[in-house]
Amino acid sequence: MSDIKPRITALGSHVPATCVTNDELAAKIDTSDEWIFSHTGIKSRHIADDETATSDLAIAALKALSKEQNIELDTIDALIVATATQDYPGFPSTACVIQAKLGLPPIAAFDISAGCTGFIYALEIAKALAASKTYRRIAVVGSEKLTAITDWTDRNTCVLFGDGAGCAFVEMSDTGHEIVDSVLHSEGTGASYLSIPTGGTAYVDESTIEGNPRKIHMDGRAVYNFAVRVMCSVIEELVVRNGCSTDDIDWFVPHQANSRIIAAAAKRLKIDLEKFYINIDQYANTSAASIPIALAEMAQKALLKPGQRVITVGFGAGLTYGGNLLKW
Ligand code: UT7
């Protein structure tokens, strides 16, 4: 019997070659390896050079997927890019830039703005596009050049971020990894806890803003508390809605913002921390790229086995949050 459903059929990822350790950062700003690692779990991050844009990171991830899986990129007919760091302010969308750089024929190409939860949102949108049968092979990319919107004079935030991209193909198929269900939420009232205060169409008097108003501003403690709360609620909502328990889930793939956030949520939910995939030590927080980078890495290490149930869970600017239940 055929079991054709919207599935992830391929994964890929890319990070820039330049890796900057905590000690290297500490040589330039007032911080230390001890503080960064003990407060976040981060040891190093990859940083793109000035000539590399978010679209270039996305293209490198797509090319890695293409090469590893032997699938030509001109076979995609839709491209969704989840990013908070578009190549240009507003338009053209980063997806359209990628289409042009790759020389792809007319396809559906658009960006999703849902902060660090962007890939989770985009996966559910891709599932709907595939199920509608209007599009056959949808490329979903989470790509970020976060270091371009980082205030390098603010030690509270600049040590936290890195650059990179991860991607997935979604299509109706009887092989691959089923996108079973998704939870997508937001709490816009918390927007000011994590934002770039100016540069858009809203009038804000820049002289009232402390620090660089065109770079990331964050109330770390407020986001931390929000993150632990919603990681728990998303996981609970997904398992209850799908008639299972957290014991039935083999892997949790969380947004990599802080290993302490992940450990606090695991403890609150009474789930063994070993079931949470953590690679923040190498990449820091890559926003919408962190979950697809983690999934691609886990697939490459053969950690994900057929039949396993996997929950992705993320949170970020918006404030947005959500998760996907996947069956490997
Ligand atoms: O993708 C989603 C976006 N972001 C997040 O999810 C981040 C959520 N928040 C966090 O991960 C944590 O709140 C942080 C890692 C940002 C901060 O950790 P914390 O344990 O909440 O530290 P804190 O803000 O309470 O700061 C403690 C101290 C402060 O010093 P005082 O005022 O107590 O003397 C800071 O000035 O640590 C100081 N500090 C630093 N010291 C050395 C802050 N940043 C640094 C630094 N190096 N880089």
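Use the structure listed above.
Keep in mind the model is a prediction, meaning the values are calculated, not measured. (Residues numbered from 1 in each chain as written. Predicted model: local features only at pLDDT ≥ 70, side-chain atom pairs only at ≥ 80, totals over all residues. Heavy atoms only, no water.)

**Student:** Looking at this structure, I do not really get the packing of aromatic side chains. What am I missing?
**Tutor:** Pairs of aromatic rings are described using the distance from one ring centre to the other and the angle between the two planes. Counted by the stated rule, this structure contains three aromatic pairs. Ring centres 5.6 Å apart and planes at 85 degrees place the aromatic pair Phe226 and Tyr321 in the edge-to-face group. Note that Phe226 is positioned in helix 7 (residues 220-241) and Tyr321 in strand 13 (residues 320-327), a separation of 95 residues in sequence. Comparing Phe226 with Tyr321, the two get one shared label, buried. On the numbers, 4.8 Å between centres and 15 degrees between planes, the contact of Phe252 with Phe276 is stacked. Of this pair, Phe252 sits in strand 11 (residues 251-254) while Phe276 sits in the loop between helix 8 (259-269) and helix 9 (280-283), and the two are 24 residues apart along the sequence. Owing to a relative accessible area of 0%, Phe252 belongs among the buried residues under this scheme. (Phe/Tyr/Trp six-rings, centres within 6.5 Å; stacked < 30°, edge-to-face > 60°. Helix = DSSP H or I, 4+ residues; strand = E, 2+ residues; numbered from the N terminus. Buried < 20%, exposed > 50% of the residue type's maximum accessible area, 1.4 Å probe, protein only.)

**Student:** Explain the sheet that holds strand 6 (residues 138-145) to me, please; I cannot follow it from the model alone.
**Tutor:** Within a sheet, each strand pairs with its neighbour through backbone hydrogen bonds, oriented either parallel or antiparallel. The nine strands lie next to each other as 5-4-6-7-1-8-13-12-11, forming an open sheet whose pairing is mixed. The open sheet has two edge strands, strand 5 (108-112) and strand 11, and neither has a second partner. Here the average twist between neighbouring strands, direction ignored, is 25 degrees. Sheet topology note: the strand 1 (residues 5-14)/strand 8 (residues 177-186) ladder contains two bridges and is antiparallel. (Pairing = 2+ DSSP bridges. Axes fitted to C-alpha atoms, helices over the stretch in contact; angles between N-to-C directions.)

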